[in-house]
Amino acid sequence: MATEMQLRKLDKAFGHLDNDRSGFVEQQDLTNLGIRLLAEFGTAHDAPKALRIAEDFSTFWQELAKALDVDHDQRLSPQEWRQGFTEAFVHGDAFDRSFRPGALAVLHLADTDDDGRVSRDEFATMQRAFGTPVGEINLAFDKLDADEDGYLTIDELMLGVRQFYIGADETAPGNWFFGRV
């Protein structure tokens with residue numbers, strides 16, 4: 001069973017993916033997220049980082065469909081998302097196997113100068129693609145930047161992603177990854 005905070009975070013994540021507001025997450029929604037990310041960063045569709053995102057998002061969708069799509073209609077309802085994500089990713093082992101690679105691909109895209117860290121501006125660019133409210137982007141960055149050096153390493157960001165998507169600790173900085181929950 002997921003905590004109330006975990007359910008709020010899962011609902012927020014569902015909203016990031018259901019960008020067309022159809023009430024369902026479909027493979028096209030993941031494709032559209034990839035397109036938005038590439039557009040925000042000005043990355044060509046045939047660039048290595050773009051190809052990595054396409055491959056990892058495709059793998060992630062296959063895992064989602066297999067684990068969450070109980071009625072096999074190739075789309076995930078909010079109920080399928082909540083229950084299936086909790087079982088497969090929060091309590092299961094699917095996070096590291098299928099979610100983590102796509103998350104890392106996004107974080108490496110955000111690291112535009114490949115220095116292993118993401119600046120406030122790079123973080124904001126990534127967050128805009130996810131639809132994070134502009135007023136909450138700096139708040140999220142500040143919560144995640146525990147050492148206040150003005151950068152988030154890929155490892156710090158990946159910890160934040162893990163805390164946001166599957167963590168139960170209500171005080172974890174990663175709960176703020178996409179702003180207020």
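On a predicted model such as this, the values are computed, not experimentally measured, just so you know. (Residues numbered from 1 in each chain as written. Predicted model: local features only at pLDDT ≥ 70, side-chain atom pairs only at ≥ 80, totals over all residues. Heavy atoms only, no water.)

**Student:** Now, about the overall build of the protein: what can you tell me, with residues and values included?
**Tutor:** Helix and strand counts for the protein stand at eight helices and four strands. The secondary structure elements of the protein, listed N-terminal to C-terminal, are α-β-α-α-β-α-α-β-α-α-β-α. Since a compact globule built from 181 residues should have a radius of gyration of about 16 Å, the 15 Å found for the protein is in line with a globular shape. The principal-axis extents of the C-alpha atoms in the protein amount to approximately 45 × 40 × 30 Å. Counting all 181 residues of the protein, 50% fall into the buried class. Within the protein, contacts between residues separated by at least 24 positions form 62% of all contacts whose residues are at least 6 apart in sequence. For the protein, the computed accessible surface area is about 8800 Å², with 51% contributed by carbon and sulfur atoms. The protein carries 18 positive and 34 negative side-chain charges, and their two centres are separated by 3 Å. (Helix = DSSP H or I, 4+ residues; strand = E, 2+ residues; numbered from the N terminus. Rg over C-alpha atoms; globule rule 2.2 N^0.38 Å. Buried < 20%, exposed > 50% of the residue type's maximum accessible area, 1.4 Å probe, protein only. Contact = heavy atoms within 4.5 Å. Areas by Shrake-Rupley, 256 points an atom, 1.4 Å probe, with all protein chains shown as cover. Lys, Arg positive; Asp, Glu negative; His and termini not counted. Charge placed at Lys NZ, Arg CZ, Asp CG, Glu CD.)

**Student:** Any chance you could break down unusual backbone geometry for me, citing the residues and the numbers?
**Tutor:** In this structure, R21 takes a positive phi of about 60° despite not being glycine. Looking at the secondary structure, you find R21 in the loop between α1 (4-17) and β1 (25-26). Under the relative-accessibility criterion, R21 is labelled exposed at 57%. The backbone phi angle of H72 is positive, close to 55°, even though this residue is not glycine. Within the element layout of this structure, H72 appears in the loop between α3 (48-68) and β2 (75-76). For H72, a relative accessible area of 65% puts it in the exposed group.

**Student:** Can you break down the packing of aromatic side chains residue by residue, with the values?
**Tutor:** Summed over the entire model, instances satisfying the criterion amount to 17 aromatic pairs. Centroid distance F99 to Y165: 4.5 Å. Interplanar angle 55°. Geometry classified as tilted. Placement of the pair is F99 in helix α5 (residues 94-110) and Y165 in helix α8 (residues 154-166), with a sequence separation of 66 residues. Here F99 and Y165 have matching classes, each one buried. Positioned above the aromatic ring of Y151 is the side chain of R117, whose terminal nitrogen or guanidinium carbon lies 3.5 Å from the ring centre. Lying over the aromatic face of W176, K143 brings its terminal NZ or CZ to 4.4 Å of the ring centre. (Phe/Tyr/Trp six-rings, centres within 6.5 Å; stacked < 30°, edge-to-face > 60°. Lys NZ or Arg CZ within 6 Å of the ring centre and 35° of its normal.)

**Student:** Describe the environment of F24, with residues and values.
**Tutor:** Structurally, F24 is set in the loop between α1 and β1. The class for F24 is partly exposed, based on a relative accessible area of 22%. The spacing of F24 and L76 is 52 residues in sequence and 5.2 Å in space, taken between C-alpha atoms. Setting aside its immediate chain neighbours within four residues, F24 contacts F14, D18, D29, R75, L76 and S77.

**Student:** With reference to specific residues and values, describe helix α7 (residues 134-144).
**Tutor:** All of the buried residues along α7 are E136, I137, A140, F141 and L144. For α7, the angular spread of buried residues about the axis comes to 145°, placing them on one side. In the core, the buried residues of α7 are packed alongside α1, β3 (117-119), α6 (120-130), β4 (151-153) and α8. (Arc of directions from axis to C-beta.)

**Student:** Lay out the pattern of salt bridges with the relevant residues and their values.
**Tutor:** Counted by the stated rule, this structure contains 14 salt bridges. Among the salt bridges present, the one from E40 reaches R128, with a minimum N-O distance of 3.3 Å. Taken as a pair, E40 in helix α2 (residues 27-41) and R128 in helix α6 lie far apart in primary sequence, 88 residues in all. Here E40 falls in the partly exposed class, since its relative accessible area comes to 34%. Residue D115 is joined to R117 by a salt bridge in which the shortest nitrogen-to-oxygen separation is 3.1 Å. Members of the salt-bridge network, linked through shared partners, are E63, K66, D93 and R97. (Salt bridge = Lys/Arg side-chain N within 4 Å of Asp/Glu carboxyl O.)

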